[in-house]
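Structural overview for review
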Amino acid sequence: MPELPEVEVVRRGLVRWVRGRTIESVDVLDPRSIRRHALGVEDFIGNLQGATVSDVVRRGKFLWLPLSDGSAHQRAAGNGHTPPPGVALMAHLGMSGQLLMQGADVPDEKHLKVRLHLSPSGGMPAQLRFVDQRIFGGLFVTVLVPTDDGGPGGLAESPLPLIAEEASHIARDPLDPAFSFDLFYQRLRARKTGLKRALLDQGLVSGIGNIYADEALWRARLHYARPTDKLRRAEAFRLIESAREVMLDALAAGGTSFDSLYVNVNGASGYFDRSLNAYGREGEPCKRCAAAGIHATIRREQFMNRSSHTCPVCQPRPRNGRW
C-alpha cells in the first residue's frame, strides 16, 4: 500500500496536469470502484461533470481534488474572486490504485475503472484515469468541512482551511507546514504505549506507515518498543526530524516501489527501496555500525501482524519496553 511519500508524489504530479481544468464527462467502467459513493453512479457523474478542479490536496495518505462549479469560475473571472469549493473528489488508492494521465489515443489499461475527460489545456493529456487491479481503492465525492484548528486542510498549492470530511479525524503529518511538534509531544507523552505503535496512530501523527516508521526509528537510533510516556523531548524531536528526512529522501527518489502496481501519474515506479537502511534488510549489516567498524546485522521481529526491523547495537531493546 502506498505511504505518504508515494501519495505526495502523486499529488505533485496531478496538480500540474489537472488544476484549473474542467471535467467535461465521466466514464464509470466498474461501479465497484465508486462503491464508497453511496448515491450511485448517476449522482457520482452528476457531481463531477462540469466541475473545475481547483487544487489537489493531501493530508497523511488521504488525497482529494476540491471541485468548484465551472460557472462560478467564469463569473469570478470578472471580479477576481472565486468562492471556496464545497465538495471534493476523494481518491483512495488502496493496495493497487493508480491515477494516470493519458492521451485520448492511449489504449485503455486492463484494469481501468473510471475515466475523467478534462477540458483542453496546452497540449496536456486529455484524460485522468483510475486504474485498480485489486479493487481495494476507489473514488467518491465528499463534502469539505472547516479544519478544527483553522489551519490549511493539508498540503496544497493554494491552502484553504477546509478538509475532506473523511480525513478530518486524522492528525497533521510531518511534512505539513502547520504540523505542531509541541502538540505532538504533548499527545505522545499522554499515551502509554510503544513508540512504533504511536507512530502508526493516524490520530497522533498521520502518513507514517510500517516502512517509514522502521526507517525513521533507525535514523533516530530508537527502538520501536520504547515507552512513549518516558521519551525525552529531545528524543521525540529527533524522531520527528528523522521521519521528515526519510520522507523527503523518498520524495526525491519518487517513493518506494516494492509492489510493481505502485506508479506515479506518469506510470513511473519509485526507487527509494534501494536506499532503505532497516526495512526489508533482515540479516544484512547495519550500515551505520559497519561505517563505525562494528559488526551488527539487522533483525526482524513480529509486530502487530507485520514486521519491525532494527539494529541490536544502535537501537538497543528497552528494559521496560511496550510491545
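Let me begin by describing the structure that accompanies this report. (Residues numbered from 1 in each chain as written. Predicted model: local features only at pLDDT ≥ 70, side-chain atom pairs only at ≥ 80, totals over all residues. Heavy atoms only, no water.)

Description of the overall build of the protein chain
Helices and strands together make up the secondary structure of the protein chain, namely 8 helices and 12 strands. Across the protein chain, every contact between residues at least 6 apart in sequence was considered, and the portion connecting residues at least 24 apart equals 65%. (Helix = DSSP H or I, 4+ residues; strand = E, 2+ residues; numbered from the N terminus. Contact = heavy atoms within 4.5 Å.)

Some details on the pairing of strand 5 (residues 87-92)
Sheet topology places strand 4 (residues 62-69) next to strand 5; 5 bridges connect them, and they run antiparallel. Residue pairing in the sheet places Leu67 in a bridge with Val87 of strand 5. In this structure, strand 5 lies alongside strand 9 (residues 138-146), joined through 6 bridges in antiparallel fashion. Looking across to strand 9, one finds that Leu89 is bridged to Val141. (Pairing = 2+ DSSP bridges.)

As for unusual backbone geometry
Despite not being glycine, Ile135 has its phi angle at roughly 60 degrees, a positive value. In this fold, Ile135 is placed in the loop between strand 8 (127-132) and strand 9. The class for Ile135 is buried, based on a relative accessible area of 15%. Phi at Met304 is positive, roughly 50 degrees, even though this residue is not glycine. Summarising the element assignment, Met304 is placed in the loop between strand 11 (299-303) and strand 12 (306-310). (Buried < 20%, exposed > 50% of the residue type's maximum accessible area, 1.4 Å probe, protein only.)

Concerning helix 6 (residues 210-220)
Because an α-helix completes one turn every 3.6 residues, residues spaced three or four positions apart along the sequence face the same direction. The element helix 6 is largely enclosed, with a buried count of 10 among its 11 residues. What helix 6 keeps buried is the set Asn210, Ile211, Tyr212, Ala213, Asp214, Glu215, Ala216, Leu217, Trp218 and Ala220. Count one or two residues on from helix 6 and you reach Arg221, which has phi positive near 60 degrees.

Here's the deal with the sheet that holds strand 8
Remark on secondary structure: sheet strands pair via backbone hydrogen bonds, oriented parallel or antiparallel. Strand order in the open sheet formed by 4 strands is 1-7-8-6, with antiparallel pairing between adjacent strands. Each edge of the sheet is formed by a strand with only one pairing partner; in this case those strands are strand 1 (23-28) and strand 6 (97-102). Neighbour to neighbour, the strand axes of the sheet diverge by 15 degrees on average, direction disregarded. Relative to the sheet, helix 1 (residues 4-18) contacts strand 6, strand 7 (112-118) and strand 8, its axis offset from that of strand 6 by approximately 30 degrees. Helix-sheet contacts for helix 2 (residues 40-48) involve strand 1 and strand 7, and the interaxial angle to strand 1 is about 160 degrees. (Axes fitted to C-alpha atoms, helices over the stretch in contact; angles between N-to-C directions.)

Remarks on the side chain of Arg172
You can see Arg172 is positioned in the loop between strand 10 (162-164) and helix 4 (181-190). Taking the relative accessible area as the measure of exposure, Arg172 reaches 8% and is therefore buried. Of note is the side chain of Arg172, whose polar atom sits 2.7 Å from the backbone oxygen of Pro152. Among the polar contacts listed, one links the side chain of Arg172 to the side chain of Asp176, at a separation of 2.8 Å. (Polar contact = N/O pair within 3.5 Å; in protein donor to acceptor, adjacent residues only side chain to side chain.)

Here we look at the packing of aromatic side chains
Scanning all chains against the criterion turns up 6 aromatic pairs. With a centroid separation of 6.0 Å and an interplanar angle of 45 degrees, the aromatic rings of Phe179 and Phe184 are classed as tilted. Judged by relative accessible area, which is 2%, Phe184 ranks as buried. Ring plane angle 90 degrees and centroid distance 5.3 Å describe the contact between Phe181 and Phe237, whose orientation is recorded as edge-to-face. Taken together, the residues span a long stretch of sequence, with Phe181 in helix 4 and Phe237 in helix 7 (residues 233-253) at a distance of 56 residues. An aromatic cluster is defined as three or more aromatic residues linked by ring pairs; in this entry it consists of Phe179, Phe181, Phe184, Tyr185 and Phe237. Across the ring face of Trp17, the terminal group of Arg16 is positioned such that the distance to the ring centre comes to 4.3 Å. Stacked on the ring of Trp218, the Lys or Arg Arg288 has its end atom at 3.9 Å from the ring centre. (Phe/Tyr/Trp six-rings, centres within 6.5 Å; stacked < 30°, edge-to-face > 60°. Lys NZ or Arg CZ within 6 Å of the ring centre and 35° of its normal.)

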